[in-house]
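Structural characterization, general
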Amino acid sequence: MADKILSTHEKYMRRCLELAELGNGFVAPNPMVGAVLVHGDRIIGEGYHQVCGQAHAEVNCIASVAEEDRALIAQSTLYVSLEPCAHTGKTPPCADLIIRHNIPKVVISVTDPFDAVNGKGIARLRKNGVEVITGVLEQEGRQLLKHFLYFHQHNLPFVTLKFAQSRDGFIGQPKKRIAISGPLAQRYVHQLRARHQGILVGSNTVLTDNPALTVRHWHGQQPVRIVVGKQEKIPADYAVFDNSAPTVFISGNTMMEVLKNIAEQGIISVLIEGGAHILQQCIDAQLWQEACVITGPDDLREGISAPAIQGIATDTFSLANDRIQLLKNPHVILTA
């Protein structure tokens, strides 16, 4: 019987996580959250957090219940991938919404580490007689929420490094813009950009490549363009000054200072795309959590050496003639 209950909880929590993923690229700095309302063995409502500042997953889930099923809400179980909030932010507390609808049981994947929540939502539900079960598919839930969790546990943005290298290990040549990867890999990079709240490069990279640093070949909100260096070094007609995305200039003697500055601006995740010196600084100081290394099919024979990085390979695949390797830093632990 216990195995059956567990498998039922897992089934509906997996649906929560699927729904939550639909908010990827649209909700940061808020977390991606999905919710499912189940009566008997039938889903009567589901929803997810769609846009930062708008309704949370629980609100959308309950609002989706058909009129003929609304009498069943008070006899149903609510599954939600993240602990319901207990504070008033841009929206009212979801814990109060659950209590007001007399939902008797709530099943949660991950406890929210955000100071304004951090167990308070669960405590309020239990105080009002709601049965609460936690930790269902917690590992999967934490993976989905890794940017949000890392930021609130360490007061630093989650850092993903990304660089493209030639087959013989060079990322470019001085003061020359070179395309190392092909169109499919470039589209994949835009997907990565959409999944992060900020994109960071050094001012020398901007001067050499004049990059747009936008999401043009994927869907999602435009990340904040973060340039390490002085604004006056960059010509006024360069792409980082157009109106397609916000741009900030940040200085710091170390990458730790830079990342702390980014965190103070509420940016929870950043994709660092260059240059080689900034990438290597992050690697040497262990200031990275994941990395994407793209290896093109051609040799450059000379140029700027690619950063020396070691990590645990989580995936390797090909996009046309380019090889993509995803790494994670073995020294990073997401605490409970």
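Above: the structure in question.
Below or above, wherever it landed, is the structure these notes cover. Only a predicted model underlies this, so the values are computations on that prediction, with no experimental measurement involved.

1. Structural notes on the nonpolar core
Counting 30 residues, the largest nonpolar core has Leu-37, Leu-78, Ile-103, Val-106 and Leu-125 as its most contacted members. Within the residue set of this core, elements represented by two or more residues are β1 (34–39), α2 (57–63), β3 (77–82), α3 (94–100), β4 (105–110), α4 (120–127) and α6 (146–154). When neighbours within four sequence positions are excluded, Ile-103 is seen to be in contact with Leu-37, Ile-62, Ile-73, Ser-76, Leu-78, Ile-98 and Val-130. Listed in part, the 29 residues of the second largest apolar core include Leu-161, Leu-200, Ile-272 and Leu-327.

2. Observations concerning the side chain of Glu-83
With respect to the element layout, Glu-83 can be found in the loop between β3 and α3. For the buried residue Glu-83, which engages in no salt bridge, the nearest side chain bearing the opposite charge is Lys-120, 8.1 Å off. There is a polar contact of 2.9 Å between the side chain of Glu-83 and the backbone nitrogen of Gly-121. Once you skip the residues sitting within four places of it in the chain, Glu-83 turns out to touch Ile-108, Val-110, Thr-111, Asp-112, Val-117, Asn-118, Gly-119, Lys-120, Gly-121 and Ile-122.

3. Let's talk about empty space enclosed by the protein
Under the defined criterion, the tally for this structure stands at one cavity of 30 Å³ or more. When its volume is computed, the largest cavity comes out at roughly 30 Å³. What lines the largest cavity is Tyr-150, Leu-156, Pro-157, Val-159, Leu-259, Leu-287, Trp-288 and Gln-289. Of the residues belonging to the lining of the largest cavity, the class tally is seven nonpolar, one polar and no charged.

4. So, the sheet that holds strand β9 (residues 224–228)
Spatial ordering of the open sheet is given by β10-β9-β8-β11-β6-β12-β15-β14, a layout of eight strands whose pairing is mixed. The open sheet has two edge strands, β10 (247–250) and β14 (312–319), and neither has a second partner. The sheet shows a mean angle of 20° between the axes of neighbouring strands, direction not considered. Of the pairings in the sheet, the one linking strand β8 (residues 198–202) to β9 comprises five bridges and is parallel in character. What sits directly across from Gly-202, in β9, is Val-228. Together, β6 (158–165), β8, β9 and β11 (269–274) form the strand contacts of helix α10 (residues 276–284), whose direction differs from that of β11 by roughly 125°.

5. Here's the deal with the side chain of Thr-214
Mapped onto the secondary structure, Thr-214 falls in the loop between α8 (203–209) and β9. Exposure remark for Thr-214: the relative accessible area of 3% places this residue in the buried category. There is a polar contact of 2.8 Å between the side chain of Thr-214 and the side chain of Arg-216. Beyond its immediate sequence surroundings of up to four residues, Thr-214 is in contact with His-190, Arg-193, Gln-222, Arg-225, Ser-244 and Ala-245.

6. Let's talk about the pattern of salt bridges
Within the structure shown, the criterion is met by 13 salt bridges. The partner of Asp-41 in a salt bridge is Lys-11, with the nearest N and O atoms 3.3 Å apart. On the criterion of sequence distance, the pair formed by Asp-41 in the loop between β1 and β2 (42–48) and Lys-11 in helix α1 (residues 2–21) is long-range, its members being 30 residues apart. Residue classification places Asp-41 among the exposed positions, given a relative accessible area of 57%. In this structure, Arg-167 engages Asp-299 in a salt bridge whose closest nitrogen and oxygen atoms are separated by 3.1 Å. Note that Arg-167 is positioned in the loop between β6 and β7 (170–172) and Asp-299 in the loop between β12 (290–295) and β13 (304–305), a separation of 132 residues in sequence. Of the residues examined, Arg-167 reaches a relative accessible area of 55% and is grouped as exposed. The exposure class assigned to Asp-299 is partly exposed, which follows from its relative accessible area of 28%. Linked by salt bridges that have partners in common, Arg-15, Glu-18 and Glu-46 make up one network.

7. Some points on the sheet that holds β1
Spatial ordering of the open sheet is given by β2-β1-β3-β4-β5, a layout of five strands whose pairing is mixed. Bordering the open sheet on either side are β2 and β5 (131–133), each of which pairs with just one other strand. When strand polarity is set aside, the average angle formed by the axes of neighbouring strands in this sheet is 20°.

8. Some words on helix α9 (residues 255–264)
Given 3.6 residues to a turn, an α-helix orients residues that are three or four positions apart in the same direction. Of the residues making up α9, those classed as buried are Met-255, Val-258, Leu-259, Ile-262 and Ala-263. For α9, the arc enclosing every buried residue in end-on projection is 140°, short of the 170-degree limit, so these residues lie on one face. Within two residues after α9, Gly-266 carries a phi angle of roughly 80°, on the positive side.

9. As for the pairing of β1
Among the six residues of β1, five are classified as buried, and the element is accordingly described as predominantly covered. The pairing of β1 with β2 spans six bridges and is classified as antiparallel. Within the sheet, the bridge partner assigned to Gly-34 lies in β2 and is Tyr-48. The antiparallel hairpin formed by β1 and β2 contains two residues in its connecting segment, where Gly-40 sits at a positive phi of about 65°. Inspection of the sheet shows β1 paired to β3 by four bridges, in the antiparallel sense. Among the inter-strand pairings, Ala-35 is bridged to a residue of β3, identified as Val-80.

The rules behind these values
- Residues numbered from 1 in each chain as written.
- Predicted model: local features only at pLDDT ≥ 70, side-chain atom pairs only at ≥ 80, totals over all residues.
- Heavy atoms only, no water.
- Core = buried A, V, L, I, M, F, W, Y, C linked by side-chain atoms within 4.5 Å.
- Buried < 20%, exposed > 50% of the residue type's maximum accessible area, 1.4 Å probe, protein only.
- Helix = DSSP H or I, 4+ residues; strand = E, 2+ residues; numbered from the N terminus.
- Contact = heavy atoms within 4.5 Å.
- Lys, Arg positive; Asp, Glu negative; His and termini not counted.
- Salt bridge = Lys/Arg side-chain N within 4 Å of Asp/Glu carboxyl O.
- Polar contact = N/O pair within 3.5 Å; in protein donor to acceptor, adjacent residues only side chain to side chain.
- 1 Å grid on protein atoms, 1.4 Å probe; cavity = no way out; pocket = protein on both sides within 12 Å on 5 of 7 lines; lining within 4 Å.
- Points joined across faces, edges and corners; volume = space filled by probe spheres on them.
- Nonpolar A, V, L, I, M, F, W, Y, C, P; charged D, E, K, R; others polar.
- Pairing = 2+ DSSP bridges.
- Axes fitted to C-alpha atoms, helices over the stretch in contact; angles between N-to-C directions.
- Arc of directions from axis to C-beta.

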